[in-house]
Amino acid sequence: MAKQVTTVSDEGYSATNEIRDFETTVDANGEAAPDTLETLLAAYGSCYVPALRVGGQQRGVDDLGRIEIDIDGDLNDDDKLESVRFDVRVEADVDDDTGDEIIDRAFELCKVHDALKDGLHADTTFESNAF
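Residues numbered from 1 in each chain as written. Predicted model: local features only at pLDDT ≥ 70, side-chain atom pairs only at ≥ 80, totals over all residues. Heavy atoms only, no water.

1. Digging into unusual backbone geometry
The phi dihedral of Arg20 falls on the positive side, at around 55 degrees, and the residue is not glycine. Position of Arg20 relative to the elements: it lies in the loop between strand E2 (14-19) and strand E3 (22-27). You can call Arg20 exposed: its relative accessible area is 69%. One non-glycine residue with positive phi stands out, namely Asn129, at about 50 degrees. Secondary-structure assignment places Asn129 in the segment after helix H3 (111-115). Here Asn129 falls in the exposed class, since its relative accessible area comes to 78%. (Helix = DSSP H or I, 4+ residues; strand = E, 2+ residues; numbered from the N terminus. Buried < 20%, exposed > 50% of the residue type's maximum accessible area, 1.4 Å probe, protein only.)

2. Considering the side chain of Asp35
Position of Asp35 relative to the elements: it lies in the loop between E3 and helix H1 (36-58). For the buried residue Asp35, which engages in no salt bridge, the nearest side chain bearing the opposite charge is Lys80, 14 Å off. In terms of polar contacts, Asp35 uses its side chain to reach the backbone amide nitrogen of Leu37, at 3.1 Å. (Lys, Arg positive; Asp, Glu negative; His and termini not counted. Salt bridge = Lys/Arg side-chain N within 4 Å of Asp/Glu carboxyl O. Polar contact = N/O pair within 3.5 Å; in protein donor to acceptor, adjacent residues only side chain to side chain.)

3. Let's talk about the pairing of E3
Across 6 bridges, E2 lies against E3 in antiparallel orientation. Each bridged residue has a counterpart across the sheet, and for Ala15 the counterpart in E3 is Val26. Linkage of E2 to E3, two consecutive antiparallel strands, is achieved through a turn of 2 residues, within which Arg20 is found at a positive phi near 55 degrees. (Pairing = 2+ DSSP bridges.)

4. A few points about the packing of aromatic side chains
Here the structure, examined in full by the defined rule, presents 4 aromatic pairs. Their ring planes at 55 degrees and their centres at 4.9 Å tell us that Tyr48 and Phe86 sit as a pair that is tilted. Of this pair, Tyr48 sits in helix H1 while Phe86 sits in strand E5 (residues 81-90), and the two are 38 residues apart along the sequence. Accessibility expressed as a relative area gives 17% for Phe86, which makes it buried. Centre to centre, the rings of Phe86 and Phe107 are 6.0 Å apart; their planes meet at 15 degrees, and the pair counts as stacked. Of this pair, Phe86 sits in strand E5 while Phe107 sits in helix H2 (residues 96-109); the two residues are 21 residues apart in sequence, bridging distant segments of the chain. (Phe/Tyr/Trp six-rings, centres within 6.5 Å; stacked < 30°, edge-to-face > 60°.)

Dropping the structure here:
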């Protein structure tokens, strides 16, 4: 199984991403749409939510209820992502030890977290005069 996305940019720094029957826009400058790092952080949080729910179920908390995650991405002097911080709030009443177990399990389950590993690098080809 594989995932397929087509990214198209006709000019400038904005790109349209075709994902199955969906389209999203990302603007590297953040003027016309979310920028690339905001989009990455949103994907990370969106992946972490279901991982929290499954982690909760596996740790005896059947329903976490409403989940909110404030995600902060700190940038270095080159405007590259240096660190990420999640502030997770859930509706359910969960003791601290169980909460820590749910957080750890969610990181094990989160596919975006896994994809951020150092060893993942895109194999790339380049074709000129393609259009």
